[in-house]
Amino acid sequence: MMEKEMRRYVALELQHHVSHSDFVGINASDINYSAGRYDPSVKPPFDAGFEGIGEVIGLGLSASSRYTVGDTVAYFGSGAFAEYTVVPAKESVPVPSAKPEFLTLLVSGATAYIALKRLGDLAKSETVLVTAAAGGTGQFAVQFAKRAGCHVIGTCSSDEKAVFLKSIGCDRPINYAKEDLAKTLRKEYPQGVDVVYESVGGSVLELAVNSLATKGRLIVIGFISGYQTASGIPPFKGGTLPVKLLQKSASVRGFFLPHFLGDYREALTSMMQMFAKGELVCEVDCGDMAQEGKFVGLESVFRAVDYMYAGKNLGKVVVEVAPPNVGDSKL
Ligand SMILES: NC(=O)c1ccc[n+]([C@@H]2O[C@H](COP(=O)([O-])OP(=O)(O)OC[C@H]3O[C@@H](n4cnc5c(N)ncnc54)[C@H](OP(=O)(O)O)[C@@H]3O)[C@@H](O)[C@H]2O)c1
């Protein structure tokens, strides 16, 4: 009953229309959410997807003071994989147009911006290692670390991604499919790295811990290498972790975006300004180079997720939502 009332209230707040020019974002954790790892109380069928961008087609009473029909808004919240969706006005952000680039900022950009700001303690000339650097959130971590005056190392799995990383300021892209990551770090960074923005987990996390410099900070952003397993957690040999941290006065810090919503508005405003001034690259991958073609329509969401897990994406994976048949409309 409570939930029904909540939903009705939300429906009164604000309705968005997601039309043919609109987009939803794919995130590594979409499969964690659908596996019930985010909220075990949610039982199927439930809506997946964390973010979208679209046009307002209807407004509730309170929402009409802030928005008008026809506005473009971006929204961050669960259930975004939909042609039409209902979003509380306070969870949406006005954007100048329905460009997919704005979508990259909601989760991927905000994660890098806030995590590095709050937990990175970046100082000029420090060395920062970003794993999965050419992906949705990695591309932003590279650029924000560079803006802070750091030397940036980024891991990726292809030469094309390495070229992209160079183009956004990464000093040392490492294509780990060709170069041994451990050997390269040992040889070229014998003093270790000051900060790690770590998204892969398992053996990469172990290597990153071992590569920390004295007073190094490792930010646990994710552990994608385990998400496709039953537990969702990759194996990690952490028995000697306290010793390693003590010996280097180093630290391992976890970051989860929903815990930092107090920083969210400032982060989005600042990133949108950088983008408008041409100071921030928001690389989008709509699957133009994917085997079965561009990601269009909600039915291509699963293809887009597979593409990401095959390590093929360069930038943020985005699906264009096709115009629904009028007869199928939920409105
Ligand atoms: N903590 C938070 O609040 C938060 C918020 C957003 C995202 N994240 C985390 O950030 C990470 C990246 O997420 P994203 O959505 O931005 O994805 P993404 O970086 O756009 O895509 C994932 C990338 O990871 C690599 N990868 C894919 N499957 C892998 C596997 N099985 N093992 C190792 N590497 C694999 C691939 O890059 P290469 O092939 O080039 O290595 C792929 O391009 C994830 O760990 C995610 O959980 C955390």
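Computed from a prediction, not measured in an experiment: that's the story for all the values here. (Residues numbered from 1 in each chain as written. Predicted model: local features only at pLDDT ≥ 70, side-chain atom pairs only at ≥ 80, totals over all residues.)

Quick look at the site of the ligand
Piece 1. Around the ligand there are 29 residues in total, and Gly135, Gly136, Ser157, Gly222 and Gly311 lie nearest to it.
Piece 2. Contributing elements (two or more residues each) for the shell around the ligand: helix H3 (100-120) and helix H10 (301-309).
Piece 3. Sorting elements by how many residues they give to the shell around the ligand places H3 first, with 3 residues.
Piece 4. Grouping the amino acids of the shell around the ligand by side-chain chemistry returns 14 nonpolar, 14 polar and 1 charged. (Near = placed C-beta within 6 Å. Helix = DSSP H or I, 4+ residues; strand = E, 2+ residues; numbered from the N terminus. Nonpolar A, V, L, I, M, F, W, Y, C, P; charged D, E, K, R; others polar.)

Re the sheet that holds strand S7 (residues 127-130)
Piece 1. Taken together, the 6 strands give an open sheet; going across it, the order is S9-S8-S7-S10-S11-S12, and neighbouring strands pair in parallel fashion. Two strands in the sheet have a free side with no partner beyond their single neighbour: strand S9 (172-175) and strand S12 (251-254). For this sheet, the mean inter-axis angle between neighbouring strands, taken without regard to orientation, is 15°.
Piece 2. In this structure, strand S11 (residues 212-220) lies alongside S12, joined through 4 bridges in parallel fashion. Looking across to S12, one finds that Val220 is bridged to Gly254.
Piece 3. Running at roughly 140° to S11, H3 makes contact with strand S10 (193-198), S11 and S12 of the sheet. (Pairing = 2+ DSSP bridges. Axes fitted to C-alpha atoms, helices over the stretch in contact; angles between N-to-C directions. Contact = placed C-beta atoms within 7 Å.)

Structural notes on the domain arrangement of the chain
Piece 1. Once the domains are mapped, the chain shows domain 1 (2-98 + 284-328) and domain 2 (106-258).
Piece 2. When each unit is reduced to the centre of its C-alpha atoms, the spacing between domain 1 and domain 2 is 28 Å.
Piece 3. When residues of the side of domain 1 that touches domain 2 are traced back to their parent elements, those giving at least two are helix H2 (30-34), strand S4 (72-76) and strand S14 (316-321).
Piece 4. Of the residues belonging to the side of domain 1 that touches domain 2, the class tally is 9 nonpolar, 6 polar and 3 charged. (Domains from an automatic or database assignment.)

Some words on the packing of H3 against helix H9 (residues 264-276)
Piece 1. Where H3 contacts H9, the axes come no closer than 9 Å and their chain directions differ by 120°. As summarised for this structure, H3 and H9 are arranged oblique, according to the angle between their axes. As for the relative orientation of H3 and H9, their crossing is right-handed in sense. Where H3 approaches H9, its residues Glu101, Leu105, Gly109, Ala110, Tyr113 and Ile114 are matched on the opposing element by Tyr264, Ala267, Leu268, Met271, Met272 and Phe275.
Piece 2. Across the contact of H3 with H9, the residue classes tally to 10 nonpolar, 1 polar and 1 charged. (Parallel < 35°, antiparallel > 145°, perpendicular 65-115°, else oblique. Left-handed = near helix turned anticlockwise from the far one by under 90°.)

Digging into the environment of Leu103
Piece 1. Along the polypeptide, Leu103 turns up in helix H3.
Piece 2. Judged by the 31 C-beta atoms lying within 10 Å of it, Leu103 falls in the buried class.
Piece 3. Apart from the residues within four sequence positions on either side, Leu103 is in contact with Phe23, Gly25, Glu51, Ile53, Ala74 and Val318. (Buried ≥ 20, exposed ≤ 12 C-beta atoms within 10 Å, placed from the backbone.)

So, helix H4 (residues 138-147)
Piece 1. Counting buried residues along H4, 8 of its 10 residues qualify, which places the element largely inside the surrounding structure.
Piece 2. Within H4, the full set of buried residues consists of Gly138, Gln139, Phe140, Ala141, Val142, Gln143, Phe144 and Ala145.
Piece 3. As for H4, its buried residues are in contact with H3, S7, strand S8 (151-156), helix H5 (159-167) and S10.
Piece 4. Following H4 by one or two positions, Gly149 has its phi on the positive side, about 85°.

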